[in-house]
Amino acid sequence: MNKKICVVGSGSWGLALALLLQDKGHKVTVWCYLEEEKQMIETNRENKRCLPGITIPDSIKLTTNIESAVKNQDVIVMAIPSEFMRKNIQTLVPYVHPNQIIVNVSKGLEDTTLNRLSEVIESELPQNQVVVLSGPSHAEEVARKIPTTVTVSSKSKLAAKQIQNIFMTEYFRVYTNPDLIGVEIGGALKNVIALAAGIVEGMGYGDNTKAALITRGLTEITRLGVAMGANQQTFSGLSCIGDLIVTCTSGHSRNRRAGELIGKGYTLDQAIKEVNMVVEGVYTAKVAYLLKEKYNVEMPIISEVHNALFNHVAPKDAVYNLMVRDK
């Protein structure tokens, strides 16, 4: 049965999912934060800034009016950067009905509370079922219908199954996993390791170094997730190791790209400006470091990424610190 779906966010991931949902026959509305971006997409039928070359059909409605966007929809998809999640959810509150399912497709953590994004949404919309969609899924490839697999997770098995059915296509395979903590922690922290992978790439190091970062990075993410109550097996799945591999190795990855620029000598601000899109790993690195301290978990790679980003430690010194740690 076709649904009425609102996608909150007109960036690359929001538009890619809007295309997927529209292609499956659902009635899709996309909420744009900026009137200029809405007009640009309507004029060009593409978002030239973050999803160039992908046509947005007229059948996808665009609006900047949040009330008309979310009222009377069956599903609301949140494709908003983590730092803006609470603010945007708060604008929805007056118009959301308890029967609407909220789907978060962003990967990050809230820096002020250290909360996972599903917890942020639940705190503002306690009557609604929240589902998280995560996994190795670059928007550029999903928009081109390249075979992709992801995971959905929720406290409600029924809600997870409903979203699985709504999103599943012949090129977008959706699994379910009841481990909400593990799915969210894996999806968020892989961006920090991708920054590290980019940094060593920019420094001219090789495949050995990147393989070490990915492998040991997975160990660190798993340690923290288990300490927070996650199932260790989750981190061997799509929402962690799958996403970790694609984000650390792909040219589509904005986190890896920002890290590469830093490794070449750019400042953090210069790298973010050059990438010209939100680099979630930067925000997540702050929260991951605080969670490491809170749960007393050993996470040396996360610590050195934090040092390189915020404590003016040179990347070569951060790598040296990792290599000469007590055996």
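Residues numbered from 1 in each chain as written. Predicted model: local features only at pLDDT ≥ 70, side-chain atom pairs only at ≥ 80, totals over all residues. Heavy atoms only, no water.

Novice: Would you mind going over the overall build of the protein chain with me for this structure?
Specialist: On a plain count of helices and strands, the protein chain comes out with 15 helices and 8 strands. For the protein chain, the C-alpha atoms occupy an extent of roughly 60 × 40 × 35 Å along the three principal directions. The proportion of buried residues among the 327 residues of the protein chain is 56%. Within the protein chain, contacts between residues at least 6 apart in sequence are counted, and of these 70% link residues at least 24 apart. If the 35 positive side-chain charges of the protein chain are averaged to one point and the 33 negative ones to another, these points end up 4 Å apart. (Helix = DSSP H or I, 4+ residues; strand = E, 2+ residues; numbered from the N terminus. Buried < 20%, exposed > 50% of the residue type's maximum accessible area, 1.4 Å probe, protein only. Contact = heavy atoms within 4.5 Å. Lys, Arg positive; Asp, Glu negative; His and termini not counted. Charge placed at Lys NZ, Arg CZ, Asp CG, Glu CD.)

Novice: Whenever I open this one, the side chain of Arg-116 confuses me. Can you help?
Specialist: Turning to its location among the elements, Arg-116 is positioned in the loop between strand E5 (101-104) and helix H5 (117-124). Using a relative accessible area of 9% as the deciding quantity, one classes Arg-116 as buried. Reaching out from Arg-116, the side chain makes a polar contact with the side chain of Glu-184 at a distance of 2.6 Å. For Arg-116, the residues in contact, after removing those within four places along its chain, are Leu-109, Leu-180, Ile-181, Glu-184 and Ile-185. (Polar contact = N/O pair within 3.5 Å; in protein donor to acceptor, adjacent residues only side chain to side chain.)

Novice: How should I be thinking about helix H10 (residues 238-249) in this particular structure?
Specialist: Working note: α-helix, 3.6 residues per turn, so residues spaced by three or four point in the same direction. End to end, H10 covers 15 Å across 12 residues, agreeing with the expected 16 Å (1.5 Å per residue, within 8%). Taken as a whole, H10 has its buried residues at Ser-239, Cys-240, Gly-242, Asp-243, Leu-244, Thr-247 and Cys-248. In this structure, the buried residues of H10 make contact with strand E6 (130-134), strand E7 (148-154), helix H8 (180-202), helix H9 (207-227) and helix H11 (254-263). (Expected span 1.5 Å × (residues − 1).)

Novice: What should I look at first to understand the nonpolar core in this one?
Specialist: The nonpolar side chains of a soluble globular protein tend to be buried, and buried together. Counting 44 residues, the largest nonpolar core has Ile-185, Leu-189 and Ile-221 as the members making the most contacts within it. Contributing elements (two or more residues each) for this core: H8, H9, H10, H11, helix H12 (268-275), helix H13 (280-295) and helix H14 (300-310). Examining the composition of this core, we find that 12 residues originate from one element, H8, more than from any other. Grouped together as the second largest cluster of nonpolar side chains are 40 residues, Val-28, Leu-133, Ala-139 and Val-142 included. (Core = buried A, V, L, I, M, F, W, Y, C linked by side-chain atoms within 4.5 Å.)

Novice: Explanation requested: a nonpolar patch on the surface in the structure shown.
Specialist: A cluster of nonpolar side chains, Tyr-320, Met-323 and Val-324, forms an exposed patch at the surface whose accessible area comes to about 370 Å². Mapped onto the elements, Tyr-320 comes out in helix H15 (residues 315-323). (Patch = residues over 30% accessible without salt bridge, like charges linked within 9 Å, V, L, I, M, F, W, Y side chains within 5 Å. Areas by Shrake-Rupley, 256 points an atom, 1.4 Å probe, with all protein chains shown as cover. Salt bridge = Lys/Arg side-chain N within 4 Å of Asp/Glu carboxyl O.)

Novice: Mind showing me how you'd approach the pairing of E6 here?
Specialist: Consecutive residues of a regular strand have side chains that alternate between opposite faces of the sheet. Within E6, 5 of the 5 residues are buried, which leaves it mostly tucked inside the rest of the structure. The two faces of E6 match: Val-130, Val-132 and Ser-134 on one face and Val-131 and Leu-133 on the other face are all buried. Pairing geometry for E5 and E6, over 3 bridges, is parallel. What sits directly across from Ile-102, in E6, is Val-130. Between E5 and its parallel partner E6, the chain crosses via H5, and the hand of that crossover is right-handed. Both E6 and E7 contribute to a ladder of 4 bridges, which runs antiparallel. Across the sheet, Leu-133 pairs through a bridge with Val-152, a residue of E7. (Pairing = 2+ DSSP bridges. Right-handed = clockwise from strand over helix to strand, strands pointing away.)

Novice: Help me out: how do you make sense of the pattern of salt bridges in this one?
Specialist: Under the counting rule described, the total for this entry stands at 22 salt bridges. In this structure, the salt-bridge partner of Asp-317 is Lys-316, at a minimum N-O distance of 3.4 Å. Classification of Asp-317 as partly exposed rests on a relative accessible area of 34%. Using a relative accessible area of 55% as the deciding quantity, one classes Lys-316 as exposed. In this structure, a network of salt bridges that share partners links the residues Glu-201, Asp-207, Lys-210, Arg-256, Glu-260 and Lys-264.

Novice: Please clarify how the pairing of strand E8 (residues 172-176) should be interpreted in this entry.
Specialist: Bridging between E7 and E8 involves 5 bridges; their strand directions are parallel. Bridge assignment links Thr-151 to a residue of E8, and that residue is Tyr-175. As a crossover connection, the stretch from E7 through helix H7 (residues 157-167) into E8 is right-handed.

Novice: I keep staring at the side chain of Asn-255 and nothing clicks. Help me out?
Specialist: Mapped onto the elements, Asn-255 comes out in helix H11. According to the relative accessible area criterion, Asn-255 is buried, its value standing at 5%. Here Asn-191 takes part through its side chain, which lies 3.0 Å from a polar atom of the side chain of Asn-255. Here Asn-255 is in contact with Asn-191, Ala-194, Leu-195, Thr-247, Val-279, Glu-280 and Gly-281, once residues within four sequence places are set aside.

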